[in-house]
Amino acid sequence: MEVLTEIDDDRIRALRARDEFFWLDLIDARPEEVEALGYLLELHPAAIEDSREWSQLPKLDDYGHHVMLVFFSAEIAGGTARPLEVHIYLSGHWVVTVRRGPSRLDGLRTWLAQARPEHEDEVVYHLLDSLADGWDPAIQSIDERVDELEGAVLGHARQGQLTTIYRLKQEVGELLRRATPQHAMFPGALEVINNLEGFDRGSREWLRDVNAHLDSIASDLRRLSGDLTALTDTFFNANANRLNRLATVIAVASVFFLMWTLVTGFFGQNFGWLVENIESKRDFLLFGVGGMAAPSLILAFVLWWRRDDWW
């Protein structure tokens, strides 16, 4: 099996004449290159039009002797996980990938050229599985950020964390928006691919492994979405608990100040007995300071004894 990275008319015609399966991997192809490819491989005009319009959802279009598959991988760019769109044209005689920018397919080209798989379905399997593998580091990156954020929220909830949670939810939502329909459409796409005229299949059901991988990807993203929703609730609960603790501290302090106000207010009255009998430093310490210290100690002991009910 040959692997091509540019449109070589003579080489492609020779491969087709020998009915030799090949893979053409186009990166940042210009519109005129895609038009030339369509003429060379007799692609349906609607399929060519799809590669002019990106930002699509996963799908498979069946054009009889070939199919057009919009398949998604994922990448980490600037610390953010984002979907990576790849257009795959597949027949029983060739496979063409059209993409924008680098992906795991770059390393796969060299490996396939050396490994030389025996059957065409194995080639397509390695291609799709390589793209599916791109989801794993993206999901792991989000998982680590969610765990780190969860620890920070439980340690001390801050307002900025809520913004981070919402941004992570948007990030996961964008990935889930591609991963869910991709997993849903793949069993049907698998049947169409296997029934392509001239598509060679070995004894092992290679492509079914891709479906299991896509299921795992969608499940992990749904789990992360649920974790972020739960983390939002945790943030508000942690913030409410912090405000409750602050309110408790203020309430306890107010009780002490209320008691001290009552004591000092009482001894500030102009009762005859107070005026005639409380006139020395000893009287001030005994009745004034002692009158505040004794109730304060009693109140402090009661609050300490019932602390588990309030904190």
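Our subject is the structure that appears above.
Residues numbered from 1 in each chain as written. Predicted model: local features only at pLDDT ≥ 70, side-chain atom pairs only at ≥ 80, totals over all residues. Heavy atoms only, no water.

Chemist: How do you make sense of the nonpolar core when you look at a structure like this?
Modeler: The nonpolar side chains of soluble globular proteins are, as a tendency, buried together. Counting 77 residues, the largest nonpolar core has Leu 128 and Leu 221 as its most contacted members. At 12 residues, helix α7 (residues 159–194) tops the list of elements feeding residues into this core. Residue contacts for Leu 221: discarding those within four places in its chain leaves Trp 135, Ile 139, Val 172, Leu 175, Leu 176 and Ala 179. (Core = buried A, V, L, I, M, F, W, Y, C linked by side-chain atoms within 4.5 Å. Buried < 20%, exposed > 50% of the residue type's maximum accessible area, 1.4 Å probe, protein only. Helix = DSSP H or I, 4+ residues; strand = E, 2+ residues; numbered from the N terminus. Contact = heavy atoms within 4.5 Å.)

Chemist: When you look at the environment of Thr 261 in this model, what are you seeing that I'm missing?
Modeler: Secondary-structure assignment places Thr 261 in helix α8 (residues 206–267). The spatial distance from the C-alpha of Thr 261 to the C-alpha of Ser 203 is 90 Å, given a sequence separation of 58 residues.

Chemist: I keep staring at unusual backbone geometry and nothing clicks. Help me out?
Modeler: In this structure, Asp 19 is a non-glycine residue whose phi angle is positive, near 55°. With respect to the element layout, Asp 19 can be found in the loop between α1 (9–17) and β2 (22–27). A positive phi is found at Glu 42, a non-glycine position, where the angle reads about 60°. For Glu 42, the location among the structural elements is in the loop between α2 (31–41) and α3 (45–50).

Chemist: I tried to follow the sheet that holds strand β3 (residues 59–62) on my own but got confused; where do I start?
Modeler: In sheet architecture, strand pairing relies on hydrogen bonds along the backbone and comes in two forms, parallel and antiparallel. Read across the open sheet, the six strands follow the order β1-β2-β6-β5-β4-β3; overall the sheet is mixed. One side of each edge strand has no neighbouring strand; the edge strands of this open sheet are β1 (2–4) and β3. On average, each strand axis in the sheet is tilted by 20° relative to the strand beside it, whichever way the strands run. α1 contacts β1, β2 and β6 (94–99) of the sheet and is inclined by roughly 150° relative to β1. (Pairing = 2+ DSSP bridges. Axes fitted to C-alpha atoms, helices over the stretch in contact; angles between N-to-C directions.)

Chemist: Looking at this structure, I do not really get the pattern of salt bridges. What am I missing?
Modeler: Scanning the entire structure with this criterion turns up 22 salt bridges. Residue Arg 52 is joined to Glu 49 by a salt bridge in which the shortest nitrogen-to-oxygen separation is 2.5 Å. Of the charged contacts, one joins Arg 178 and Glu 174 as a salt bridge, the two residues approaching to 2.7 Å between their closest N and O atoms. Of this pair, Arg 178 and Glu 174 both sit in helix α7, four residues apart, roughly one helical turn. Residues participating in the shared-partner salt-bridge network are Glu 2, Arg 11, Arg 18 and Glu 20. (Salt bridge = Lys/Arg side-chain N within 4 Å of Asp/Glu carboxyl O.)

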